[in-house]
Amino acid sequence: MANKRSAEKRARQTIKRTLRNSAIKSKVKTSIRKFLGALVDKDQARAAELLKQAVKTADQAAAKGVIHANVAARYKARLMRRFNDAFSAAEKQETEAGA
């Protein structure tokens, strides 16, 4: 336990900050999980909307300093690549079948 008032205050602040940061990180992970679920279902419109939401939550977390900006960029790049790989192949098959 802290012996000085300033140390006690810092301990209280750390607890608050830890709770806030874990909630924001959880929100980012949940949005990514929802997006990946839409990819599995092959629902392009829903996946596009959830991708947009996941990118937004990652950017918000980076802006608040909860995750590093480069980590947010890495998340976004990976999600975009997954989206493009999943649906560009489907579009190619549709155009080949129609031609």
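Here the structure is a predicted model, which is why all the values come from computation and not from measurement.

> Explain the side chain of Thr 57 to me, please; I cannot follow it from the model alone.
Examined against the element boundaries, Thr 57 turns out to sit in helix α2 (residues 44-63). Looking at Thr 57, the relative accessible area reads 4%, which means it is buried. Apart from residues no more than four positions distant in its own chain, Thr 57 is found in contact with Lys 27, Val 28 and Ser 31.

> What is the right way to look at unusual backbone geometry in this model?
Trans peptide bonds make up most of the peptide bonds, and negative phi angles are found at most residues other than glycine. A positive phi is found at Lys 42, a non-glycine position, where the angle reads about 60 degrees. On the secondary structure map, Lys 42 appears in the loop between α1 (5-40) and α2.

> Would you mind going over α1 with me for this structure?
Owing to its 3.6 residues per turn, the α-helix brings residues three or four apart onto one side. For α1, built from 36 residues, the straight-helix expectation of 52 Å at 1.5 Å per residue is met to within 8% by its first-to-last C-alpha distance of 53 Å. Residue Lys 42 follows α1 closely and has a positive phi angle near 60 degrees.

> Explanation requested: α2 in the structure shown.
In a regular helix each residue adds 1.5 Å, so 20 residues correspond to 28 Å; α2 covers 28 Å between its end C-alpha atoms and thus fits that length. For α2, the complete set of buried residues consists of Ala 47, Leu 50, Leu 51, Ala 54, Val 55, Thr 57, Ala 58 and Ala 61. Looking down the long axis of α2, one finds its buried residues gathered within 165 degrees of arc, a one-sided arrangement. Within α2, the exposed residues directed more than 90 degrees away from the buried face are Ala 45, Lys 52 and Ala 63.

> Would you take a moment to explain the pattern of salt bridges for this structure?
Close approach of charged atoms allows side chains of opposite charge to pair. In the structure shown here, the tally under the stated rule is 2 salt bridges. We note a salt bridge from Asp 41 to Arg 46, for which the minimum N-O separation is 4.0 Å. With relative accessibility at 40%, the residue Arg 46 sits in the partly exposed group. Linking Asp 59 and Lys 76 is a salt bridge whose minimum nitrogen-to-oxygen distance equals 2.7 Å. Taken together, the residues Asp 59 in helix α2 and Lys 76 in helix α3 (residues 69-98) connect sequence positions 17 residues apart. Accessibility expressed as a relative area gives 33% for Asp 59, which makes it partly exposed. Overall, the relative accessible area of 22% leaves Lys 76 in the partly exposed class.

> I tried to follow the nonpolar core on my own but got confused; where do I start?
Formed by 20 residues in total, the largest nonpolar core has its most connected members in Phe 35, Leu 39, Ala 47 and Phe 83. For this core, the secondary structure elements donating two or more residues are α1, α2 and α3. The greatest single-element share of this core, amounting to 7 residues, is contributed by α2. Setting aside residues no more than four positions away along its own chain, Ala 47 makes contact with Phe 35, Ala 38, Leu 39, Phe 83 and Phe 87.

The rules behind the values
Residues numbered from 1 in each chain as written. Predicted model: local features only at pLDDT ≥ 70, side-chain atom pairs only at ≥ 80, totals over all residues. Heavy atoms only, no water. Helix = DSSP H or I, 4+ residues; strand = E, 2+ residues; numbered from the N terminus. Buried < 20%, exposed > 50% of the residue type's maximum accessible area, 1.4 Å probe, protein only. Contact = heavy atoms within 4.5 Å. Expected span 1.5 Å × (residues − 1). Arc of directions from axis to C-beta. Salt bridge = Lys/Arg side-chain N within 4 Å of Asp/Glu carboxyl O. Core = buried A, V, L, I, M, F, W, Y, C linked by side-chain atoms within 4.5 Å.

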